[in-house]
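Residues per chain are reported as follows:
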Amino acid sequence: MDATKSARAPAATRHRPWYTVLYIQVLIAIAVGILIGHYFPKTGTALKPLGDGFISLIKMMIAPVIFCTVVHGIGSMRDLKKVGRVGVKTLFYFEAVSTLALGIGLLVGRVLQPGKGFDIDPTTLDADSVATYVNRAKEEGIVAHLLSIIPDTFIGAFARGDLLQILLVSILVGFAIARLGELGERINSVIEAMAKIFFGVIGIIVRAAPIGAFGAMAFTIGAFGLGSLVNLVALIATFYFTSLLFVLVVLGTIARLAGFSIFRFLAYIKDELLIVLGTSSSETVLPHMIQKMEHLGASKPVVGLVIPTGYSFNLDGTNIYMTLATLFLAQATNTPLTISQELGILVIAMITSKGASGVTGAGFVTLAATLQIVPDIPIQSLAILLGIDKFMSECRALTNLVGNGVATIVISRWEGELDADKLHETMAHPIRVGEEMEESEA
């Protein structure tokens, strides 16, 4: 085993031309996209299909990848009580960290008051511009949201691409396979083989990430312009600062307690972070994060449960945004809030934030849902944020991604299924995108 690893090491660490490294390609693509969008806004706007196409290609593979990963993970567990134990630990961790994120957003909003001095009259705002988001928020009530987790048909979950529906179907199938004994083991080996095929397809698609990031960034700057940031720069800066504070202090402390450095972890997933930065969607790297967490030493069953579930229940960036943006709107419209009202917002946000996926714009819908329940703040004030939500979406997605990665390692450690030696070795000598497949095939 050791001999095999040492034989692989030179191949994994061999020098490659800088221009072939994915994260450098994505960085260049983002920079060029910003320049095109700024100096040639019409051209930048016209490049939107490049970003949309890449996101669609990735989303095409999310359902089969989650299905195979979750089914194989649960199906491999002979002790089904363990699945329940991991699930309870996962939900407990998600709720604790999500509440911390909501609290930090609320605290920073109170201290820095980014909306103070705007003195905006809500009656002068265009309510029609946010009508679509408000209507979606009304349709997605708590009861309706819970019922929507159940798909109309088995295939319907895959056709719609709803993460929670796919997760429900996958968990049920995984439990069924785990109870089939020897037959279940044979079926599970087929599922594992299918997963390798789907990850192979992901490895091909991810090579187009620079093109997708270029198109998405050119469209964002071309459509909204750098000028749209000026008036609301205080809120944007506050949100990015708060998210960075959360990652380095809260997640950094959790990481340290779990035995690893948050900085090394960020370096390990830099490819994924840059892809998310370019596309504003954490879903674009979901399949690859599953693979990277397994390569890092986390057990397959835990990765299969934590990563997909986290995309709906562990959205730290979205949580920070919701409480911070709510206070900003209250301050900007001179709407006074008492301490009890602010704590009420936190409780409401704990409910409305659950189930928001990593898709661009989902955070805006959940914010609309929160304001629906908090009548003190004028709903039309959402129009203030409409022009900058795309820029905020990038930070939400980045924070969500880091939070889910840290959660996977922590819960694997809780279960005693984290290979600590592999964790530190891999972080010290991270491999690049695409090399995981080569190593697994070797």
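Quantities reported herein were computed from a predicted structural model and do not represent experimental measurements.

## A short note on the overall build of the protein chain
- A tally of helices and strands in the protein chain yields 23 helices and zero strands.
- The buried share of the protein chain, taken over its 442 residues, is 54%.
- Sequence separation of 24 or more characterises 86% of the internal contacts of the protein chain that already satisfy a separation of 6 or more.
- Carbon and sulfur atoms provide 66% of the accessible area of the protein chain, an area that totals close to 18,900 Å².

## Brief notes about helix H15 (residues 286–295)
- Burial of H15 is extensive: ten of the ten residues sit out of reach of the surface.
- Restricting attention to buried positions, one finds in H15 the residues Leu286, Pro287, His288, Met289, Ile290, Gln291, Lys292, Met293, Glu294 and His295.
- Following H15 by one or two positions, Gly297 adopts a phi angle in the positive range, close to 120 degrees.

## Comments concerning the side chain of Glu415
- Its place among the elements puts Glu415 in the loop between helix H21 (389–414) and helix H22 (420–428).
- Judged by relative accessible area, which is 12%, Glu415 ranks as buried.
- In terms of polar contacts, Glu415 uses its side chain to reach the side chain of Arg85, at 3.0 Å.
- In this view, Glu415 contacts Lys82, Arg85, Val86, Lys89 and Val302; residues no more than four positions away in its chain are not counted.

## Describing the nonpolar core
- By size, the foremost hydrophobic cluster in this structure holds 112 residues, and its most contacted members are Tyr93, Phe265 and Met293.
- Phe265 has contacts with Phe260, Met293, Leu296, Val402, Gly405, Val406, Ile409 and Met427, leaving out every residue within four places of it along the chain.

## Quick look at the packing of helix H4 (residues 48–75) against H15
- Their axes nearest at 8 Å, the elements H4 and H15 cross at an angle of 40 degrees. Considering their axes alone, H4 and H15 lie oblique with respect to each other. Contact residues: Ile58, Ile62, Val65, Ile66 and Thr69 in H4; Leu286, Pro287, Ile290 and Glu294 in H15.
- In terms of residue class, the contact of H4 with H15 is made up of seven nonpolar, one polar and one charged.

## Details of the packing of aromatic side chains
- On inspection of all chains with the given rule, the structure shows seven aromatic pairs.
- With centroids separated by 6.3 Å and ring planes inclined at 65 degrees, the aromatic side chains of Tyr93 and Phe94 adopt a geometry described as edge-to-face.
- Using a relative accessible area of 5% as the deciding quantity, one classes Tyr93 as buried.
- Accessibility expressed as a relative area gives 1% for Phe94, which makes it buried.

Rules used in this analysis
Residues numbered from 1 in each chain as written. Predicted model: local features only at pLDDT ≥ 70, side-chain atom pairs only at ≥ 80, totals over all residues. Heavy atoms only, no water. Helix = DSSP H or I, 4+ residues; strand = E, 2+ residues; numbered from the N terminus. Buried < 20%, exposed > 50% of the residue type's maximum accessible area, 1.4 Å probe, protein only. Contact = heavy atoms within 4.5 Å. Areas by Shrake-Rupley, 256 points an atom, 1.4 Å probe, with all protein chains shown as cover. Polar contact = N/O pair within 3.5 Å; in protein donor to acceptor, adjacent residues only side chain to side chain. Core = buried A, V, L, I, M, F, W, Y, C linked by side-chain atoms within 4.5 Å. Axes fitted to C-alpha atoms, helices over the stretch in contact; angles between N-to-C directions. Parallel < 35°, antiparallel > 145°, perpendicular 65-115°, else oblique. Nonpolar A, V, L, I, M, F, W, Y, C, P; charged D, E, K, R; others polar. Phe/Tyr/Trp six-rings, centres within 6.5 Å; stacked < 30°, edge-to-face > 60°.

Take it as geometry only, folks, not as evidence of what the structure does.
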